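For reference, the chains in residue letters:
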Amino acid sequence: MVGFDNGSEVGRVLDGRLVSRINADLTSTMDLTTANFLPENSGIAFMGDTKGGAFDISSDVAAKILEAEGNPNGRPNNDVVRPWVNGLDITRRPRNMWIIDFGVDMSEVDASQYEAPYEHICQHVKPVRIGNRRESYAERWWIHAEPRPAMRSAFQGTSRYIVTPGISKHRIFTWSALPTLPDHALFVFVRDDDYFLGVLHSRLHELWALRQGTSLEDRPRYTPTTTFETFPFPWPPGSESAGDPRVNAIAQAAHVLVEQRDAWLNPPDTSEAELKKRTLTNLYNERPDWLALAHRKLDVAVLDAYGWPHNLSDEEILERLLALNLERAARQG
């Protein structure tokens with residue numbers, strides 16, 4: 001909806017209350033729409049890979065392709081066949097899916113040297129992609145539609161990364177290990193330290209994400225441009241000190257949270273029927289005491305890193321984050 005106002009009306013009503021102003025995000029207190037992009041947060045968050053065709057395969061198909069030998073280039077097929085995750089693997093149970101991935105610029109000649117993977121996509125991808133109206137998708141049909149070269153470049157030198165579903169009832173952050181390729185339904189944060197995951201998974205960042213993001217029906221949508229790239233971390237990313245006890249407290253709390261969560265998700269000697277019920281969505285729907293206490297410990301550690309009281313209301317937290325955002329943005333021009 002787009003609305004216009006000539007300024008003649010003095011009184012304003014929002015949600016049945018008289019207010020002095022109405023902001024662009026339909027609030028009447030602080031205006032979070034004034035938050036600025038922070039250059040310090042660039043080069044960390046990415047949308048996952050967009051495959052643009054049936055490149056994904058089941059574990060059974062992957063096993064057969066990986067077992068195939070005798071490629072003309074003498075290379076194994078695991079060069080181009082790797083594990084793959086999307087939002088369902090995070091919010092529900094891992095499905096053990098795989099994907100055929102020829103990277104960002106492999107030529108068709110080189111791709112064809114991997115016989116079994118190439119033959120599979122000739123059958124399942126090529127017939128659809130060669131008719132695509134976008135010329136680059138049709139001409140390079142064996143390459144994913146949007147392979148995210150910047151994300152792949154950022155992966156160099158790391159063994160794991162943080163993911164969150166783009167659209168999810170609960171704002172969940174968890175680890176994924178390379179060489180697993182993340183789907184475009186996930187947003188990726190190329191950091192491998194518990195401290196960074198801890199700040200992302202804190203109440204402070206969740207409040208910011210809920211107000212700065214959008215929604216699909218009743219499910220919040222994470223939007224890196226308005227959410228992550230404007231969020232002021234306790235210290236600009238990369239400038240936090242590994243020896244700082246406040247950084248270590250966040251890292252420890254995040255590590256324990258993930259450890260406890262993983263233990264609940266995958267208890268030993270559990271039936272398949274029971275495991276199907278043990279998903280992150282179900283866990284956060286129930287939010288048992290141990291999970292709430294683990295998050296509370298994490299939130300306290302993050303508040304300490306900012307030097308803020310533990311009893312701040314949601315609005316007070318957002319006010320302080322906005323002030324910090326504006327201060328940092330002004331300092332960085």
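Residues numbered from 1 in each chain as written. Predicted model: local features only at pLDDT ≥ 70, side-chain atom pairs only at ≥ 80, totals over all residues. Heavy atoms only, no water.

Undergrad: Describe the overall build of the chain, with residues and values.
TA: Looking only at helices and strands, one finds 14 helices and 12 strands in the chain. Taken across its 333 residues, the chain has 46% of its residues classed as buried. Across the chain, the fraction of contacts at a sequence separation of at least 24, relative to all contacts at a separation of at least 6, is 66%. Total accessible area on the chain is roughly 17,000 Å²; 51% of this is exposed by carbon and sulfur atoms. Once the 36 positive and 46 negative side-chain charges of the chain are each reduced to a mean point, those two points are 3 Å apart. (Helix = DSSP H or I, 4+ residues; strand = E, 2+ residues; numbered from the N terminus. Buried < 20%, exposed > 50% of the residue type's maximum accessible area, 1.4 Å probe, protein only. Contact = heavy atoms within 4.5 Å. Areas by Shrake-Rupley, 256 points an atom, 1.4 Å probe, with all protein chains shown as cover. Lys, Arg positive; Asp, Glu negative; His and termini not counted. Charge placed at Lys NZ, Arg CZ, Asp CG, Glu CD.)

Undergrad: Tell me about the nonpolar core, residues and numbers included.
TA: Side chains of nonpolar character tend, in soluble globular proteins, to be buried together. By size, the foremost hydrophobic cluster in this structure holds 81 residues, and its most contacted members are F102, F189 and F228. With nine residues, helix α10 (residues 245–265) is the single largest residue contributor to this core. If we ignore the near neighbours within four places in the chain, the residues touching F228 are N41, I44, A45, F189, F196, L200, Y222, T223 and F233. (Core = buried A, V, L, I, M, F, W, Y, C linked by side-chain atoms within 4.5 Å.)

Undergrad: Could you give me a rundown of the layout of surface pockets, with the residues and numbers involved?
TA: If a probe as big as a water molecule is rolled over the atoms, it shows which places are left empty. Approximately 470 Å³ is the volume found for the largest pocket. Lining the largest pocket are 25 residues, and of these V85, D89, I90, P94 and W175 sit closest to its centre. For the lining of the largest pocket, a count of residues per class yields 12 nonpolar, five polar and eight charged. (1 Å grid on protein atoms, 1.4 Å probe; cavity = no way out; pocket = protein on both sides within 12 Å on 5 of 7 lines; lining within 4 Å. Points joined across faces, edges and corners; volume = space filled by probe spheres on them. Nonpolar A, V, L, I, M, F, W, Y, C, P; charged D, E, K, R; others polar.)

Undergrad: Lay out the packing of aromatic side chains in plain terms, naming residues and giving numbers.
TA: On inspection of all chains with the given rule, the structure shows 16 aromatic pairs. For the ring pair Y195 and W235, a centre distance of 6.3 Å and an interplane angle of 50 degrees mean the geometry is tilted. Pair noted here: Y195 is in helix α8 (residues 194–200) and W235 is in the loop between β12 (219–221) and α10, with a separation of 40 residues, a long-range link. One exposure class covers both Y195 and W235, and it is buried. (Phe/Tyr/Trp six-rings, centres within 6.5 Å; stacked < 30°, edge-to-face > 60°.)

Undergrad: Which residues make up the sheet that holds strand β3 (residues 45–47), and what values go with them?
TA: The strands making up a sheet are joined through hydrogen bonds of the backbone, oriented either antiparallel or parallel. The sheet built from four strands is open, its strands ordered β3-β10-β7-β8 with antiparallel pairing. Strands at the two margins of the open sheet, each flanked by one partner only, are β3 and β8 (174–177). In this sheet, neighbouring strand axes are inclined to one another by 40 degrees on average, regardless of whether the strands run parallel or antiparallel. Of the pairings in the sheet, the one linking strand β7 (residues 160–165) to strand β10 (residues 186–189) comprises four bridges and is antiparallel in character. Considered in β10, the bridge of V163 is made with V188. (Pairing = 2+ DSSP bridges. Axes fitted to C-alpha atoms, helices over the stretch in contact; angles between N-to-C directions.)

Undergrad: How would you explain the sheet that holds strand β6 (residues 97–100) if you had to name every residue and give the values?
TA: Strand order across the open sheet formed by four strands is β4-β6-β5-β9, with mixed pairing between neighbours. The open sheet is flanked by β4 (56–57) and β9 (181–182), the only strands paired with a single partner. The pairing of strand β5 (residues 81–85) with β6 spans four bridges and is antiparallel. What sits directly across from V81, in β6, is I100.

Undergrad: Mind laying out the pattern of salt bridges, listing which residues take part and the relevant values?
TA: Per the stated rule, a full pass over the model turns up 16 salt bridges. The salt bridge involving R152 is made with D49; its shortest N-O contact spans 3.1 Å. With R152 in helix α7 (residues 149–154) and D49 in the loop between β3 and β4, this residue pair connects regions lying 103 residues apart in the sequence. Exposure remark for R152: the relative accessible area of 14% places this residue in the buried category. Of the residues examined, D49 reaches a relative accessible area of 0% and is grouped as buried. Where R75 meets D79, a salt bridge forms, and the shortest distance between an N and an O atom there is 2.7 Å. Put simply, D49, R82, D101 and R152 are held in one network by salt bridges that share partners. (Salt bridge = Lys/Arg side-chain N within 4 Å of Asp/Glu carboxyl O.)

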